[in-house]
Amino acid sequence: MPLKAELHCHIEGAAAPELVIRQAQKYGKDTSPYIQNGSFVWHDFTSFLAAYDFSSDLFRTEEDYARLADHYLTSLARDGAIYSEVFTSPDHAEKAGLSPKAYTDALGEGMLRAKAKTGIEGRMIVTGVRHVGVESIERAARFAARCGHPLVTGFGVAGDERMGDMEDYVRAFEIAREAGLGITVHAGELTGWETVQAALDHIRPSRIGHGVRAIENPDLVRRIADEGVVLECCPGSNIALKVFDSFADHPFPALKAAGCKVTLNSDDPPYFWTSLKREYDIAAEHFAMSEKALAAVTRTAIEAAFVDRKTKSALLARLNAVAR
Ligand SMILES: Nc1ncnc2[nH]cnc12
Ligand SMILES: [Zn+2]
């Protein structure tokens, strides 16, 4: 089994249906509109977000969040992952009645529990959500910049790409950059190549969440390759959300062949009927990636990780010990 690293997973979106059902029982909620036969139910991005927000609202206490992070990172480690970055969302925490600090501390506690059991190294990327609005995104950036939590190492923007413009987020990203945080932004998932170009022009991230629709513009693909911007690709998510019709139509191999740095990620795994392990399996089966090529993807992810140099070297040494 190849060693793996993940850069792109929304922690609320990693809650398995069984865990969500348990939380719903705890808080007296009916899951039947959103979970049927042990599987999340949605049919487009808007209804996906409705199911996601319903489930997120069932994580309310520090222990709920600690258990969620522990659960997810432990399952990742069992699938061969040595490193995990998760997107956190102070907006969801506040809606559930927890302060951003209590929420972040709790997730950090869960990550440390998973590390104690399995050795997996975890970090958090605080995100603002586009469809909540610019003000909340700047609030999230200010929180990320001043929270001082040792596992918070990045800042990002996610949510419905069809709302707002990249330029609206420049201030938030400047706050995060000045605080020394790594920068990633969702672009080129639900909207076309223009969003990816706008992200590069206005935000200057080292990584792009998805970015796959850059394939629509060969000049932009060349620019991504030349500038060494890392793409956090999530093929299973893209097919589930019908960004592309099939894995045969997915641009992962073409982006890689054009010299773009690509990584494999699960995004919101149970919502898209995937896992990090399945993403590596998809790449082996549909993109003809050898074990060596998959190990190189893991290496790209670790090199692009928002983690201190010493930890990065230790992770690369672990990878190099088994993959040559
Ligand atoms: N796939 C996705 N795209 C944008 N925002 C998200 N938030 C959670 N999952 C997301
Ligand atoms: Zn995402």
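Here, the structure is the one placed above.
First things first, this report covers the structure right here in the doc. All figures in this text were calculated on a predicted structure; none of them were measured in a lab.

### Description of the environment of E189
Item 1. By secondary structure assignment, the location of E189 is in the loop between β7 (182-187) and α8 (193-202).
Item 2. Taking relative accessible area as the criterion, E189 reaches 4% and is therefore assigned buried.
Item 3. When residues no more than four places from it in sequence are discounted, the contact partners of E189 are E161, H210, R213, S237, N238, L241, V243 and D267.

### Describing the coordination of the zinc ion (ligand 2)
Item 1. Looking at the zinc ion (ligand 2), the protein donor atoms are H8 (NE2), H10 (NE2), H186 (NE2) and D267 (OD), and they sit 2.1 to 2.3 Å from it.
Item 2. Geometry at the zinc ion (ligand 2) is irregular, judged from the four donor atoms that bind it and their angles of 85 to 173 degrees at the metal.
Item 3. Along the chain, the residues donating to the zinc ion (ligand 2) are arranged with the sequence spacing H-x1-H-x175-H-x80-D. A residue pair is termed long-range when its members are at least 10 positions apart, and H10 in the loop between β1 (4-6) and α1 (17-26) and D267 in the loop between β10 (261-264) and α12 (276-286) qualify at 257 residues. In terms of burial, H10 and D267 fall into one category: buried.

### So, the packing of α12 against helix α13 (residues 291-303)
Item 1. As a packed pair, α12 and α13 sit with axes 10 Å apart at the nearest point and diverge in direction by 135 degrees. The angle between the axes of α12 and α13 places the two elements in the oblique class. Remark: the crossing between α12 and α13 carries right-handed chirality. Side by side, α12 and α13 meet where Y280, A283 and A284 of the first sit next to L294, V297 and T298 of the second.
Item 2. Each residue belonging to the contact of α12 with α13 can be placed in one class, and the counts come to five nonpolar, one polar and no charged.

### A few points about the site of ligand 1
Item 1. The full set of residues close to ligand 1 is H10, F45, F48, Y52, A158, G159, H186, E189, H210, D267 and D268.
Item 2. The contact in question runs from a nitrogen atom of ligand 1 to an N or O atom on the side chain of E189, over 2.7 Å.
Item 3. Side-chain polar atom of D268 to a nitrogen atom of ligand 1: 2.6 Å apart, as the coordinates give it.
Item 4. Expressed as a share of its isolated accessible area of 260 Å², the protein-covered part of ligand 1 is 97%.
Item 5. A per-element tally of the shell around ligand 1 places helix α2 (residues 45-56) first, with three residues.
Item 6. Its residues placed into classes, the shell around ligand 1 shows four nonpolar, four polar and three charged.

Reading guide: rules and limits
- Residues numbered from 1 in each chain as written.
- Chains lettered and ligands numbered in written order.
- Predicted model: local features only at pLDDT ≥ 70, side-chain atom pairs only at ≥ 80, totals over all residues.
- Heavy atoms only, no water.
- Helix = DSSP H or I, 4+ residues; strand = E, 2+ residues; numbered from the N terminus.
- Buried < 20%, exposed > 50% of the residue type's maximum accessible area, 1.4 Å probe, protein only.
- Contact = heavy atoms within 4.5 Å.
- Donors = N, O, S within 2.8 Å, 3.2 Å for Na, K, Ca; no water.
- Tetrahedral: all angles 85-135°; square planar, octahedral: opposite > 155°, others 65-115°.
- Axes fitted to C-alpha atoms, helices over the stretch in contact; angles between N-to-C directions.
- Parallel < 35°, antiparallel > 145°, perpendicular 65-115°, else oblique.
- Left-handed = near helix turned anticlockwise from the far one by under 90°.
- Nonpolar A, V, L, I, M, F, W, Y, C, P; charged D, E, K, R; others polar.
- Near = heavy atom within 4 Å.
- Polar contact = N/O pair within 3.5 Å; in protein donor to acceptor, adjacent residues only side chain to side chain.
- Areas by Shrake-Rupley, 256 points an atom, 1.4 Å probe, with all protein chains shown as cover.

As far as function goes, none of this settles anything; it's purely spatial.
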